[in-house]
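# Examining the three-dimensional arrangement
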Amino acid sequence: MRTLGLRDIVGPIMVGPSSSHTAGALRIAAMTRALLDRPPADVTFTLYGSFSRTYRGHGTDRALVAGLLGLAADDLRIRDSFRLADEAGLTYRFEVDPRTKTRHPNTVDLRVTDVDGDMLEVRGESIGGGAARLVRVDGFNVDLTGEYSALIVYQCDKPGTLGFLATTLGEHDINIGSVLLFRNHRGGHAFNVLEVDNPVPQEVLDLIAADGRVSRVRLMPAADLAERDAEDTEVAGEESKDEALALGPAEAEACFRKVDFEDGAALLAYAESQGMTLGRAFLAREDLRLAMQGQGGHSSCAYLRRALGVMRESVRAPLSQTPQTMGGLIGGEARLLGGLLASGGAGVGGTGAAGPEGKVPGVSQTAGQAPDVYTCAAAYAMAVLETNASMGRIVAAPTAGAAGVVPGVLFALQEEQGLSDDALADALATAAAVGYIVTRNATVAGAEGGCQAEMGTASAMAAAAAVQLQGGSPRQALTAAAIALTNMLGLVCDPVGGLVEEPCQKRNASAAANALVSAQMALAGVASTAPFDETVDAMRRVGAVLPMELRETALGGIATCASCVARCTR
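Since we're looking at a predicted model, the values are computed, not measured.

### A look at the packing of aromatic side chains
In the structure shown here, the tally under the stated rule is eleven aromatic pairs. Relative to Phe94, the ring of Phe45 has its centre 5.1 Å away and its plane inclined at 15 degrees; by these criteria the two rings are stacked. Linking Phe45 in strand S2 (residues 40-48) with Phe94 in strand S3 (residues 91-97), this pair joins segments that are 49 residues apart in sequence. Aromatic rings pair up to connect Phe45, Tyr55, Phe82, Tyr92 and Phe94 into one cluster. We note Arg7 situated over the ring of Tyr303; from NZ or CZ to the ring centre the distance is 4.5 Å. Taking NZ or CZ as reference, Arg123 lies 4.9 Å from the ring centre of Tyr48, over its face.

What follows is the structure, given as structure tokens:
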């Protein structure tokens with residue numbers, strides 16, 4: 001099981017429109033590219049399940065090609081990946097297979113030939129929130145998430161081969177985390193997958209490849225390491241308020257067990273015992289998780305500030321100009337709502353002031369007045385969805401389809417109450433803590449649990465953050481999250497035309513308002529219907545019984561209304 005971290009919940013920072021169908025698809029292709037010895041020359045993508053039905057509207061096709069070209073998830077050139085592939089001499093084709101049943105609804109097969117004529121066959125699954133795993137390589141079942149570097153060795157099934165591999169890695173201080181061995185028959189072809197904690201130098205690969213029992217070696221470096229290196233480059237020069245842990249991987253792992261919170265109750269108990277927020281408790285876990293991987297020098301606080309910066313930009317642009325979205329179903333709604341606020345129309349009349357740092361997205365407003373926080377949060381949430389639907393850069397929180405909820409609430413409260421960016425970053429960590437518990441014990445993928453999984457989780461995250469920003473306790477924050485999620489139970493995922501536009505944009509606005517209402521109830525002492533952990537489990541069970549048509553297939557709900565179908569066929 002993948003060890004979830006901060007960037008899995010507040011992240012990835014990505015180009016829209018879908019964390020599972022765009023960023024997750026790109027990650028599958030990127031991991032496949034990492035297994036190649038030479039650049040790809042030709043590829044066939046076979047799409048199954050939800051991928052096969054909505055891949056054009058979600059940009060899955062462009063993302064797959066982009067990942068094979070080596071583009072990162074937040075690279076705006078993903079929009080132009082077909083042209084870039086043509087320029088690079090990469091030929092590509094897409095085949096759809098909506099009938100074959102696969103283990104996961106977001107599944108794709110890649111048959112890749114590199115420039116030397118070598119072929120690689122891979123099956124990948126996008127498991128939600130931008131995360132992905134490879135489940136088959138050249139006909140052998142595997143489970144590779146990219147969390148650790150993976151060494152794949154093709155060999156003859158002869159005695160001593162595994163020992164040779166272990167000895168060679170050990171002599172170069174490379175620790176083996178897990179080993180999987182497959183063979184077609186005794187004495188035949190064998191296939192070793194070794195996940196390791198350290199980078200594997202080329203000289204080690206050459207030593208292994210030179211052994212007579214080994215026919216080929218493939219290496220897939222840990223994806224997280226490369227992503228973190230890129231992130232740290234962008235925040236270079238920023239000081240972190242947290243000192244890097246001076247613990248080695250073994251020491252960190254021993255401490256990690258105490259903070260690897262299994263549920264909300266454990267998270268809350270730790271936070272209360274240490275006198276800290278839910279977010280700070282989660283960051284303590286994150287620091288140890290990074291130290292376990294030898295990455296203790298990476299700054300979680302710097303990442304949170306970077307995420308806030310991207311969130312702010314994703315809000316800002318659609319308030320001043322209407323973007324061209326992929327499906328053309330939305331565009332301009334955020335400006336309309338912002339215009340209502342600016343004119344002093346319905347809902348205006350708050351008592352706060354603009355944030356002291358002058359960095360909030362902002363809508364022009366009547367002198368001496370601040371926008372009504374609910375309407376402001378809704379406008380900001382809608383703006384993010386317009387950025388997302390136009391393949392702009394956003395932060396999945398916890399998914400791209402629900403990416404407007406958390407920033408909508410954070411920036412509206414900042415504008416109303418004059419909050420600092422540091423306060424917002426701390427609140428964003430609390431949002432991540434809530435999202436982590438839901439992701440660990442249920443799902444945030446619409447293809448698995450319906451829109452309640454995406455929008456419900458985002459609303460719960462935002463509600464907890466709102467409580468913290470208004471001086472509430474960790475217990476009240478978790479209560480607000482439970483109330484917000486309860487209000488979203490049963491919400492179906494029915495994207496019109498398979499696009500992350502309608503009704504997603506309006507649901508982001510509604511989920512932001514729901515988060516603020518839920519926070520107010522918790523702060524007033526209103527109890528949740530059920531404890532947070534029971535609410536999460538209820539959401540999981542509801543998602544499990546939702547029909548396939550109501551889980552991101554565009555085959556049910558609002559997506560099948562005659563007027564909606566007509567808009568997509570014009």
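### Thoughts on the pattern of salt bridges
One pass over the structure, following the stated rule, counts 26 salt bridges. Note that Arg312 is salt-bridged to Asp421, the shortest N-O span being 2.9 Å. A residue pair is termed long-range when its members are at least 10 positions apart, and Arg312 in helix H12 (residues 300-320) and Asp421 in helix H16 (residues 421-441) qualify at 109 residues. For Arg312, a relative accessible area of 7% corresponds to the buried category. Beyond isolated ion pairs, a larger network of salt bridges with shared partners links Arg7, Glu286 and Arg289.

### Focus on the sheet that holds strand S6 (residues 131-137)
Taken in spatial order, the six strands line up as S3-S2-S4-S5-S6-S7 in an open sheet, and their pairing is mixed. The open sheet has two free edges, formed respectively by S3 and strand S7 (140-144), since each of these has just one partner strand. Neighbouring strand axes in the sheet, compared pairwise and without regard to direction, differ in orientation by 25 degrees on average. Across the sheet, helix H4 (residues 60-69) touches S2, S3 and strand S4 (106-114), and the angle it forms with S2 is around 145 degrees.

What counts, and at which threshold
- Residues numbered from 1 in each chain as written.
- Predicted model: local features only at pLDDT ≥ 70, side-chain atom pairs only at ≥ 80, totals over all residues.
- Heavy atoms only, no water.
- Phe/Tyr/Trp six-rings, centres within 6.5 Å; stacked < 30°, edge-to-face > 60°.
- Helix = DSSP H or I, 4+ residues; strand = E, 2+ residues; numbered from the N terminus.
- Lys NZ or Arg CZ within 6 Å of the ring centre and 35° of its normal.
- Salt bridge = Lys/Arg side-chain N within 4 Å of Asp/Glu carboxyl O.
- Buried < 20%, exposed > 50% of the residue type's maximum accessible area, 1.4 Å probe, protein only.
- Pairing = 2+ DSSP bridges.
- Axes fitted to C-alpha atoms, helices over the stretch in contact; angles between N-to-C directions.
- Contact = heavy atoms within 4.5 Å.

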